[in-house]
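# Observations on the three-dimensional arrangement
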Amino acid sequence: MKETVLTILKESIDVKSNSIKANMDLIIKGADMLAGCITSGHKILIFGNGGSAADAQHIAAEFVNRFIIERPPLAAIALTTDTSIITSIGNDYHFDEIFSKQINALGRKDDIAIGISTSGNSKNVIEAINAAKEIGIFTIGMTGSGGKLASCADLVLSVESDVTPRIQETHITMGHILCDLVDRILFPEEF
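Below: a short report on this structure. Everything numeric here is computed off the predicted structure, so don't read it as measured data.

Looking only at helices and strands, the chain has 8 helices and 5 strands in total. Taken from the N to the C terminus, the helices and strands of the chain come in the order α-α-β-α-β-α-α-β-α-β-α-β-α. Against the globule reference of 16 Å for 191 residues, the chain gives a C-alpha radius of gyration of 16 Å, in line with a compact fold. By principal-axis analysis of the C-alpha atoms, the chain measures approximately 50 × 45 × 30 Å. Split into buried and exposed, the 191 residues of the chain put 48% on the buried side. Summing over all exposed atoms, the chain offers an accessible surface of approximately 9200 Å²; the carbon and sulfur share of this is 56%.

Let's shift gears to the nonpolar core. Core analysis: the largest hydrophobic core is formed by 36 residues, its most contacted members being Leu34, Ile44, Phe63 and Ile114. No other element matches helix α8 (residues 164-186), which puts 7 residues into this core. The next biggest cluster of nonpolar side chains, apart from the first, holds 20 residues, and it includes Leu79, Ala113, Ile129 and Ala132.

The next point concerns the pairing of strand β5 (residues 155-158). Side chains Leu155 and Leu157 project from β5 onto one buried face, and the interleaved Val156 and Ser158 project onto a second face that is buried too. The sheet contact formed by strand β4 (residues 138-143) and β5 spans 4 bridges and is parallel. Residue pairing across strands places threonine 143 opposite serine 158, the latter belonging to β5.

With that out of the way, let us pick up the packing of aromatic side chains. This model, assessed by the stated rule, comprises 1 aromatic pair. One Lys or Arg, lysine 101, reaches over the ring of tyrosine 93 and ends 4.0 Å from the middle of that ring.

As a further point, take the environment of alanine 22. Tracing the backbone through its elements, the reader meets alanine 22 in helix α1 (residues 2-22). The exposure class of alanine 22 is exposed, given its relative accessible area of 64%. Linking alanine 22 and valine 159, residues 137 residues apart in sequence, is a C-alpha distance of 8.9 Å.

Thresholds applied
Residues numbered from 1 in each chain as written. Predicted model: local features only at pLDDT ≥ 70, side-chain atom pairs only at ≥ 80, totals over all residues. Heavy atoms only, no water. Helix = DSSP H or I, 4+ residues; strand = E, 2+ residues; numbered from the N terminus. Rg over C-alpha atoms; globule rule 2.2 N^0.38 Å. Buried < 20%, exposed > 50% of the residue type's maximum accessible area, 1.4 Å probe, protein only. Areas by Shrake-Rupley, 256 points an atom, 1.4 Å probe, with all protein chains shown as cover. Core = buried A, V, L, I, M, F, W, Y, C linked by side-chain atoms within 4.5 Å. Pairing = 2+ DSSP bridges. Phe/Tyr/Trp six-rings, centres within 6.5 Å; stacked < 30°, edge-to-face > 60°. Lys NZ or Arg CZ within 6 Å of the ring centre and 35° of its normal.

By themselves, these figures tell us nothing about what the structure is for.
Pasting the structure below:
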């Protein structure tokens, strides 16, 4: 069992290290875009399914409440949290539309939409990204090795792994890095 634990730990560290280094410039660009979005009075809309839904909520909470420093709340919404909206859309229309309808209702030009999909092929995430682009919303895709999300998002943060837990662990690390960088851009005096 100890060997298994150490193998998982090493794999997780390696995937995170390799993916973050490979995406370094894109992560910095994403942080700049997010900071600009916030300072211009716009918001961040985040969504995904399953563990990625939890990651969307986690990242939104870091922006709205705080990350590490004491600072004003930043505008972010996880589109994964309102069960009445999600189930009514899923029931009356189709599960594929649960995020795109929310993007159309809540999204405005110059907001940023972050779609998270470990496979890169979650149809509801892709439909939301496409809906966002039609409105003039800059889109960020967080994915595994690619999938359809990699070809439709404006900025793609990919994780070179086919193992879902390693992809999810890397996504949340990338999310934390984005939060940290946005805070440093917006509130440099606190560092």
